[in-house]
Amino acid sequence: YLRSRDINKKDILRWKMGYCAEGRYSGRIIIPSFNNSGDANYFIARSYVGHKRKYLNPPAEKDIIFNELYVDWDEPITLVEGVFDAIVAGENAIPILGSTLRPQSRLFQALAINDTPVYIGLDQDAEKKASWMIKKMIEYDMEVYKIDTSAVEDVGSMTPRQFENAKDRAQPIDPDYFFFDKLLN
């Protein structure tokens, strides 16, 4: 399964991936998250054997910063939907575990406090949610870039090189133009 997603040994080690052969999470790849203290605070459990539910995640608090332990707040952050998207997006990519990021969330607040430039690379079907996130980030005076992912259905299906090229082409969002463009549309 991991080979079919072009995930290599380096990715497996970096993301500390494992799998379960038995129990509630059997037949699933496990990708853990670590808080700032190095404690596991969440994990993703993705089926690799064709379960009806692709993901079976723990009954735990989801208002986390996935792998906060490894985030460098002095460097630009790339926000993507899921963990497999973050693997493609490379260094300093954070999965938001969905397609919405609320201003009251820990991740949003950390971005605002650290005044970190943010690249948003959500799947094409989340375009309206990405626009809403951009609007909220602009309200907090954040530096925001939108990565064009319109050429693919899922960021996770891109190669790291394709994603990097799309990220390199991303332009900063001009707040005045952004709101004017939304009014016209």
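Going by the structure above, here's the rest.
Since the model is a prediction, treat every value here as computed from it, not as a measurement.

Rules used throughout
- Residues numbered from 1 in each chain as written.
- Predicted model: local features only at pLDDT ≥ 70, side-chain atom pairs only at ≥ 80, totals over all residues.
- Heavy atoms only, no water.
- Pairing = 2+ DSSP bridges.
- Helix = DSSP H or I, 4+ residues; strand = E, 2+ residues; numbered from the N terminus.
- Axes fitted to C-alpha atoms, helices over the stretch in contact; angles between N-to-C directions.
- Phe/Tyr/Trp six-rings, centres within 6.5 Å; stacked < 30°, edge-to-face > 60°.
- Buried < 20%, exposed > 50% of the residue type's maximum accessible area, 1.4 Å probe, protein only.
- Lys NZ or Arg CZ within 6 Å of the ring centre and 35° of its normal.
- Expected span 1.5 Å × (residues − 1).
- Arc of directions from axis to C-beta.

1. Quick word on the sheet that holds strand S4 (residues 77-80)
Taken together, four strands build an open sheet; the order of strands is S5-S4-S6-S7 and the sheet is parallel. At either margin of the open sheet sits one strand with a lone partner, and together these are strand S5 (93-95) and strand S7 (144-146). Averaged over all adjacent pairs, the angle separating strand axes in this sheet is 25 degrees, with direction ignored. Judged from the three bridges that link them, S4 and S5 form a sheet pairing that is parallel. Paired with threonine 78 across the bridge in S5 is alanine 93.

2. Notes on the packing of aromatic side chains
Two descriptors summarise a pair of aromatic rings, namely the distance from one centre to the other and the angle between the planes of the rings. For the structure shown, the criterion picks out six aromatic pairs. With a centroid separation of 6.1 Å and 85 degrees between ring planes, the pair formed by tyrosine 1 and phenylalanine 84 is classed as edge-to-face. Here tyrosine 1, found in the segment before helix H1 (9-14), pairs with phenylalanine 84, found in helix H2 (residues 83-89); they are 83 residues apart in sequence, far enough to count as distant. For tyrosine 1, a relative accessible area of 30% translates into the label partly exposed. With 6.5 Å between their ring centres and 85 degrees between their planes, tyrosine 19 and tyrosine 48 make a pair best called edge-to-face. With tyrosine 19 in strand S1 (residues 18-20) and tyrosine 48 in the loop between strand S3 (40-47) and S4, the pair connects residues that are 29 residues apart, well separated along the chain. Residue class for tyrosine 48 comes out partly exposed when judged on its relative accessible area of 31%. Lying across the ring of tryptophan 132, arginine 102 places its NZ or CZ 5.1 Å from the centre.

3. A few points about helix H4 (residues 127-139)
Counted at 1.5 Å a residue, the expected span for H4 with its 13 residues is 18 Å, and the 18 Å between its end C-alpha atoms agrees. One or two steps after H4, the chain reaches aspartate 141, where phi turns positive at roughly 60 degrees.

4. Some points on unusual backbone geometry
The phi torsion at aspartate 115 lies on the positive side, around 50 degrees, for a residue other than glycine. Considering the arrangement of structural elements, one finds aspartate 115 in the loop between helix H3 (106-114) and strand S6 (118-120). The backbone of aspartate 141 sits at a positive phi, close to 60 degrees, despite the residue not being glycine. Looking at the element boundaries, aspartate 141 is found in the loop between H4 and S7.

5. Focus on H3
Listed in full, the buried residues belonging to H3 are Leu107, Phe108, Ala110 and Leu111. Projected onto a plane normal to the axis of H3, the buried residues spread over an arc of 165 degrees and lie on a single side. At the C-terminal side of H3, aspartate 115 shows a positive phi close to 50 degrees.

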